[in-house]
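Single-letter residue listing:
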Amino acid sequence: MTPTPSALLALIAPAAFLFTAVVGLARPGPRPRLVGGLSLATAGLACAVALLAALLVARHGPMQTPMLGRAGLGFALRLDPLSVVIFAMISCLAFLILRFSRTYLDGDSRQGAFLGWLCATIACVQLLVLSGNLVQLAVCWVATSLSLHQLLIFYPERRAGIIAARKKFLAA
């Protein structure tokens, strides 16, 4: 498989989710209109990018970006039929979960922060699925675990959440 720079197109979705996460964590208050709207727009964009990536793979076959790094260690994206299907599934589920969370948490004192951590988790999972090498996969796995941990301990007064976070931490 020859390196194809057009596979970098898939990087738009996780980058948008990371941007939304930063905005969400900067505006942690209740009813953050900007964060709520931005998170849904980002999820819609991710669905469109996943569809476009699927079309690229269907037309040109599996693709991989050039490696940014040395000695096989660095950053690369790989688009093949399986990764594109999972990428599309993550994007569609992200839209549904963000839509539900936006409504369910309406008025919560830290709604913006929750949406920020949720967007960070989604971005990490998308990068994990699109990983082009083993080191990147491991780094994305750890980042996914850490951001998911923040979601589990979001309400520190809920004992069940703390117990679940500890179990997840031990398992991961």
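First, a word on scope: everything that follows refers to the structure included in this document.

Parameters and conventions
- Residues numbered from 1 in each chain as written.
- Predicted model: local features only at pLDDT ≥ 70, side-chain atom pairs only at ≥ 80, totals over all residues.
- Heavy atoms only, no water.
- Axes fitted to C-alpha atoms, helices over the stretch in contact; angles between N-to-C directions.
- Helix = DSSP H or I, 4+ residues; strand = E, 2+ residues; numbered from the N terminus.
- Parallel < 35°, antiparallel > 145°, perpendicular 65-115°, else oblique.
- Contact = heavy atoms within 4.5 Å.
- Nonpolar A, V, L, I, M, F, W, Y, C, P; charged D, E, K, R; others polar.
- Salt bridge = Lys/Arg side-chain N within 4 Å of Asp/Glu carboxyl O.
- Buried < 20%, exposed > 50% of the residue type's maximum accessible area, 1.4 Å probe, protein only.

The subject of this paragraph is the packing of helix α1 (residues 12-26) against helix α2 (residues 33-60). One way to put it is that α1 packs onto α2 with a least axis distance of 9 Å and a crossing angle of 170°. Between α1 and α2, the angle is such that the two are roughly antiparallel. On α2, the residues that touch Ile-12, Ala-13, Ala-16, Phe-17, Phe-19, Thr-20, Val-23 and Gly-24 of α1 are Leu-34, Val-35, Leu-38, Ser-39, Thr-42, Ala-43, Leu-45, Ala-46 and Val-49. Residue composition of the contact of α1 with α2, grouped by class: 13 nonpolar, four polar and no charged.

Tallied over the entire structure, the rule returns one salt bridge. The closest approach of N and O atoms between Arg-78 and Asp-80, which form a salt bridge, is 3.2 Å. For Arg-78, a relative accessible area of 26% puts it in the partly exposed group.

By the element assignment, Ser-145 lies in helix α5 (residues 134-152). With relative accessibility at 14%, the residue Ser-145 sits in the buried group. Setting aside chain neighbours within four positions, we find Ser-145 in contact with Lys-168 and Ala-172.

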